[in-house]
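Listed below, chain by chain, are the residues.
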Amino acid sequence: MTLPTSLDEAVAALAAMPAAVPVAGGTDLMSAVNSGLLRPAALVGLGRISEIRGWQYADGNALLGACLTHARMGRSDFAALIPALAMAARAAGPPQIRNAGTLGGNIANAAPTGDALPVLAALEATVVLAGPDGTREIPVGHLTAGHDPLRPGELLAYVRAPLLHAPQTFLKATTRTGPGRATASVALVLDPARRGVRCAIGAVAPMPLRPLEAERWVSGLIDWDGSRALEPEACTAFGDYAAMSCIPDPAEGELPLALAHLRRTVAALARRALERALS
Amino acid sequence: MGRTAVTLEINAQSCAFDLDNRTTLLDALREHLGLTGTKKGCDHGQCGACTVLVDGMRMNSCLLLAVALDGAQIITVEGLSSDAALHPVQQAFIDHDAFQCGYCTPGQICSAIGAITEAASGWPSAVTPQERPLGPVPLTAPEIRERMSGNLCRCGAYVNIVNAVTEAAEAVGEAAR
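Residues numbered from 1 in each chain as written. Chains lettered and ligands numbered in written order. Predicted model: local features only at pLDDT ≥ 70, side-chain atom pairs only at ≥ 80, totals over all residues. Heavy atoms only, no water.

Asker: If you had to explain the overall build of chain B to someone new, which residues and values would you point to?
Answerer: The number of helices and strands found in chain B is 5 helices and 5 strands. The order of helices and strands in chain B, counted from the N terminus, is β-β-α-β-β-β-α-α-α-α. Its C-alpha atoms give chain B a radius of gyration of 17 Å, near enough to 16 Å, the size a compact globule of 177 residues would have. Here chain B, with 177 residues, has 50% of them falling under the buried criterion. In chain B, of all internal contacts separated by at least 6 residues, the share reaching a separation of at least 24 is 52%. (Helix = DSSP H or I, 4+ residues; strand = E, 2+ residues; numbered from the N terminus. Rg over C-alpha atoms; globule rule 2.2 N^0.38 Å. Buried < 20%, exposed > 50% of the residue type's maximum accessible area, 1.4 Å probe, protein only. Contact = heavy atoms within 4.5 Å.)

Now the structure itself:
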């Protein structure tokens, strides 16, 4: 077990022991360790690296440290910067988990139900990876899809997210009251500078899905210089369009009932997310 | 798998251990120190029975590696009362009959202390209105239910737990004033 106090030390420790597992909050990792599924040869604790526990501003973006906890992201000052990420953080599990679990861990674990992931997809956020040969920056989705995985000795250091200064929403459906795992989640952000609505649907597929055609259609309907209001029928149609594109009809036969129900859930969440962002 | 020497401050006492790296804080407390007040319920962060305060923040001790916490201040249910006087949250749980079998109670009490501190510090929860004045969040019944949602009680003493936390929050607030 090593407890580095800087990013450089952590990268050096990982490079020296490529089999070591980095651990931040441990809320996902430890359940595997406790049940005997994971026996890490060595551990690199990330809890002492103060440079990745906060955030800084860089050219209209926020550079978020990978060890920001959900509890920290849920607080009011962070909610003023990236409201949808704050809403996702507040819903990301019970308080004991939110006090320990981190943004970087949510990405690295890449669970289909990870609540930060649809928000980062809607924001088109990127991750900054620190490695022995310097840093590189790739879209969050390339990492979570395994398209461009972490290389040996590499560590997720920062998340770069745009500051859009416009309404954002995050909604999720769960199987119980209180914070459970999402059965479906929707993140929706307005980008007035690019005159776009961006939306991502979480938990219905191995990674968040973007209903791009529905986004383009609804972005064209909105009067970006005026009230931005839409007729209720347009919001309903957006919800149905987004849900249909994430859970399409099968080539043959009927959609199974459970999937039809999930599609209705996604449609309702997407409609509500748009209504709330435009109200 | 290696071992690491670690020093934790548990209930205001410095404790030195030599632990297997995989040891959770929960196992260090129960198996190595004999502090069995903190309970092991599910061992994967679902039930909250193992909740302790780590540097003042409530966390599930079953999901924390003890060796990663070198130097941290841990408070367990054994460290809450001073002399003969119970902590206001402990007293409120007794006054309101907020338990039956008592297995989840140490976790409930540590979690309630964390919830009261977080609300007093103005941290919003998922049910806090988006538009609200800055400052402490009033602990209404819906706020308490949301903020205590990480602690399960299989006896179903939830109604009295909400009452106990409501009263304890007032008592702690008055003591701070």
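Asker: Describe the sheet that holds strand 7 (residues 155–162) of chain A, naming the residues involved and giving the relevant values.
Answerer: Residue and element names in this part refer to chain A. Across the sheet, which stays open at both edges, the 5 strands sit in the order 3-4-7-5-6 with antiparallel pairing between neighbours. Edge positions in the sheet fall to strand 3 (55–58) and strand 6 (134–139), since each of these pairs with one other strand and no more. On average, adjacent strands in this sheet sit at an angle of 25° to one another, irrespective of strand direction. Helix 1 (residues 7–16) rests against strand 5 (126–131) and strand 7 of the sheet, and its axis sits at about 135° to strand 7. (Pairing = 2+ DSSP bridges. Axes fitted to C-alpha atoms, helices over the stretch in contact; angles between N-to-C directions.)

Asker: Account for the pairing of strand 6 of chain A, naming residues and giving values.
Answerer: Residues and elements named next belong to chain A. The sheet contact formed by strand 5 and strand 6 spans 6 bridges and is antiparallel. Across the sheet, residue T126 finds its bridge partner in strand 6, namely P139. Linking two consecutive strands that pair antiparallel, namely strand 5 and strand 6, is a turn of 2 residues.

Asker: So what about the domain arrangement of chain B? Which residues, and what values?
Answerer: Residue and element names in this part refer to chain B. Domain assignment breaks chain B into domain 1 (3–79) and domain 2 (88–176). Between the C-alpha centres of domain 1 and domain 2 the distance comes to 22 Å. Taken together, the contact between domain 1 and domain 2 spans 15 residues of the former and 15 residues of the latter. Between domain 1 and domain 2 lies a buried interface of about 1300 Å² when both sides are counted; carbon and sulfur atoms form 58% of it. Three residues, K39, R58 and V77, lead the burial of domain 1 against domain 2; their summed loss comes to 43% of the area buried on that side. At the junction of domain 1 and domain 2, the tally comes to 1 salt bridge. Its salt-bridge partner being R58, residue E118 comes within 2.8 Å of it at the nearest N-O pair. (Domains from an automatic or database assignment. Buried area = accessible area lost by both parts, 1.4 Å probe. Salt bridge = Lys/Arg side-chain N within 4 Å of Asp/Glu carboxyl O.)

Asker: Give a description of the pattern of salt bridges that names residues and reports values.
Answerer: Under the definition given, this model contains 21 salt bridges over all chains. With its nearest N and O atoms 4.0 Å apart, the salt bridge here joins R98(A) to E146(B). Note that R98(A) is positioned in helix 6 (residues 95–100) and E146(B) in helix 4 (residues 141–147), a pairing that runs across two chains. R98(A) gets classed as buried once you look at its relative accessible area, which sits at 8%. Residues D43(B) and K40(B) are paired through a salt bridge, measuring 3.7 Å at the closest nitrogen-oxygen approach. Residue D43(B) is classed as buried on the basis of its relative accessible area of 18%.

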